[in-house]
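Structural description and commentary
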Amino acid sequence: MPELIEKYYSLKELWKDLPKLDKSRKYLAGGTDLSISMAYGEDDSKVWVDISDIKELSVIEERGKEIFIGACVKISEFEKNPVIKKWAPALTESVKYYASPSIRNTATIGGNYANASPCADGVLAMAAMDAKVVLNLKGRRRILPLLSIVKGPKKIDLRKDELVEGFLIAKKKREALFFKMMARKRFGISKAGLCICYQKEKNALKEAAISLSSVAPSVIRAPKTENFLKNRIITPELIRQACEIIKNEISPIDDIRSQAYYRREIVSVFLERALGKIFS
Ligand SMILES: Cc1cc2nc3c(=O)[nH]c(=O)nc-3n(C[C@H](O)[C@H](O)[C@H](O)COP(=O)(O)OP(=O)(O)OC[C@H]3O[C@@H](n4cnc5c(N)ncnc54)[C@H](O)[C@@H]3O)c2cc1C
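Rules used in this analysis
Residues numbered from 1 in each chain as written. Predicted model: local features only at pLDDT ≥ 70, side-chain atom pairs only at ≥ 80, totals over all residues. Heavy atoms only, no water. Domains from an automatic or database assignment. Contact = heavy atoms within 4.5 Å. Buried area = accessible area lost by both parts, 1.4 Å probe. Salt bridge = Lys/Arg side-chain N within 4 Å of Asp/Glu carboxyl O. Polar contact = N/O pair within 3.5 Å; in protein donor to acceptor, adjacent residues only side chain to side chain. Helix = DSSP H or I, 4+ residues; strand = E, 2+ residues; numbered from the N terminus. Nonpolar A, V, L, I, M, F, W, Y, C, P; charged D, E, K, R; others polar. Buried < 20%, exposed > 50% of the residue type's maximum accessible area, 1.4 Å probe, protein only. Pairing = 2+ DSSP bridges. Axes fitted to C-alpha atoms, helices over the stretch in contact; angles between N-to-C directions. Core = buried A, V, L, I, M, F, W, Y, C linked by side-chain atoms within 4.5 Å.

1. Description of the domain arrangement of the chain
Looking at the chain, the domain boundaries give domain 1 (4–50), domain 2 (55–170) and domain 3 (175–278). Taken together, the 27 residues of domain 2 in the interface contact 26 residues of domain 3. With both chains or domains summed, domain 2 and domain 3 bury close to 2000 Å², and 67% of this area falls on carbon and sulfur atoms. Taken as a group, Tyr97, Pro118 and Leu124 account for 34% of the area that domain 2 buries against domain 3, more than any other trio of residues on that side. If you look at where domain 2 meets domain 3, you find 2 salt bridges. Our enumeration of links across domain 2 and domain 3 arrives at 7 residue pairs in polar contact (both at pLDDT 80 or more). Where the side of domain 2 that touches domain 3 is concerned, the elements lending two or more residues are α4 (89–95), α5 (101–104), α7 (121–127) and β8 (150–152). In terms of residues, the side of domain 2 that touches domain 3 owes the most to one element, α7, which gives 5 residues. Looking at the side of domain 2 that touches domain 3 residue by residue, the classes come out as 18 nonpolar, 4 polar and 5 charged.

Structure, rendered in structure tokens:
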């Protein structure tokens, strides 16, 4: 355990006190990743700065043409929140695949992002909705495309003390499907995942945004497949071709969770299932 856990309830208090804390300080949200890092001896910070009850970080609200999701919103909130269900259906779809109910009640969306895991389910869902991340350092904000600062497993380009304040998602009509392959039916980390957000028009896809997890060092999009599908009449032959394109668009690796060849196959199976479901 760190020597000290310092808890804050507002950003104003946080920015005022932060310079007084030991330089090794680290933010603590739900602690579901941080506690594992600590258990494996990967965290040597002397102070954890508990942000989980900062009120500005715990809201979900409509802001003009976008919705804002605070970094400390718990994953379980995505299941029933009406704003999320209406404007960010990929997050609602993702919840049932996300760990166990007890983890979902503790883990936050900001922690899921800042931990920069290639298998992060919340990031997978937000990436398919073209989310932006809002960063805050002592009141100075940067708003960036979601995946632009995620560089690889546990590697994210945050400045010292820069806080993930939340995420912005455009209020746009979209439907979503979420797929995740695990070693077990539930409560597992993904071998590969696919999320598709789409707008359908008769028998074509007016728009399709596809994100993938666990097939690259970070969550990625599949732009070649997206472009191939856009505004095309969906036929069995077109689905077959799209599945080939997505397989060749990724470069997964073998690791303890799965093998590269299987990851390619399962991603194409997910796409086939998604298109089959959308046009059934
Ligand atoms: C048993 C178990 C099962 C799991 N299953 C899944 C799963 O199915 N899918 C999945 O995606 N993940 C899973 N996880 C991983 C984890 O639960 C998620 O990544 C979770 O969302 C992390 O959020 P947290 O609030 O617990 O983060 P924390 O552990 O508090 O923080 C994680 C990291 O992010 C930093 N951080 C946190 N918040 C901020 C912020 N606002 N700004 C800047 N930095 C910040 C912390 O300093 C730390 O480095 C699982 C974990 C466990 C232990």
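2. A word on unusual backbone geometry
For Ala116, which is not glycine, the phi dihedral falls at a positive 55°. As for its position among the elements, Ala116 is in the loop between α6 (109–114) and α7. Classification of Ala116 as buried rests on a relative accessible area of 2%. With a phi angle near 60°, Lys154 is a residue other than glycine that sits in the positive phi range. Counting through the fold element by element, Lys154 comes out in the loop between β8 and β9 (155–156).

3. What about the sheet that holds strand β6 (residues 132–137)?
The strand order β4-β5-β10-β6-β7 describes an open sheet built from 5 strands, whose pairing is antiparallel. The two strands at the open ends of the sheet, each matched to only one other strand, are β4 (60–63) and β7 (140–145). Each adjacent strand pair in this sheet contributes to an overall mean axis angle of 25°, direction not counted.

4. Quick look at the nonpolar core
Judged by nonpolar contacts, the single largest core of 44 residues is most densely connected at Ile69, Phe78, Leu91, Ile109 and Tyr113. Among the elements that take part in this core, α7 stands out by supplying 5 residues, more than any other. Residue-level mapping places this core at the junction of two domains, with at least three residues from each of domain 2 (55–170) and domain 3 (175–278). Leaving out residues up to four positions away in the same chain, Phe78 has contacts with Ile60, Ile69, Val73, Ile84, Leu91, Thr92, Val95 and Ile109. The next biggest cluster of nonpolar side chains, apart from the first, holds 29 residues, and it includes Ala208, Ile266, Phe270 and Ile278.

5. Here we look at the pairing of β6
Along β6, 5 of the 6 residues are buried, which leaves the element largely enclosed by surrounding structure. Bridging between β6 and β7 involves 6 bridges; their strand directions are antiparallel. Looking at β7, one finds that Leu137 is bridged to Arg140. Here β6 folds back onto β7, and the loop between the two strands holds 2 residues, one of which, Lys138, carries a positive phi near 50°. In this sheet, strand β10 (residues 163–170) lies alongside β6 in antiparallel orientation, the contact comprising 5 bridges. Bridge pairing in β10 places Lys132 opposite Leu168.

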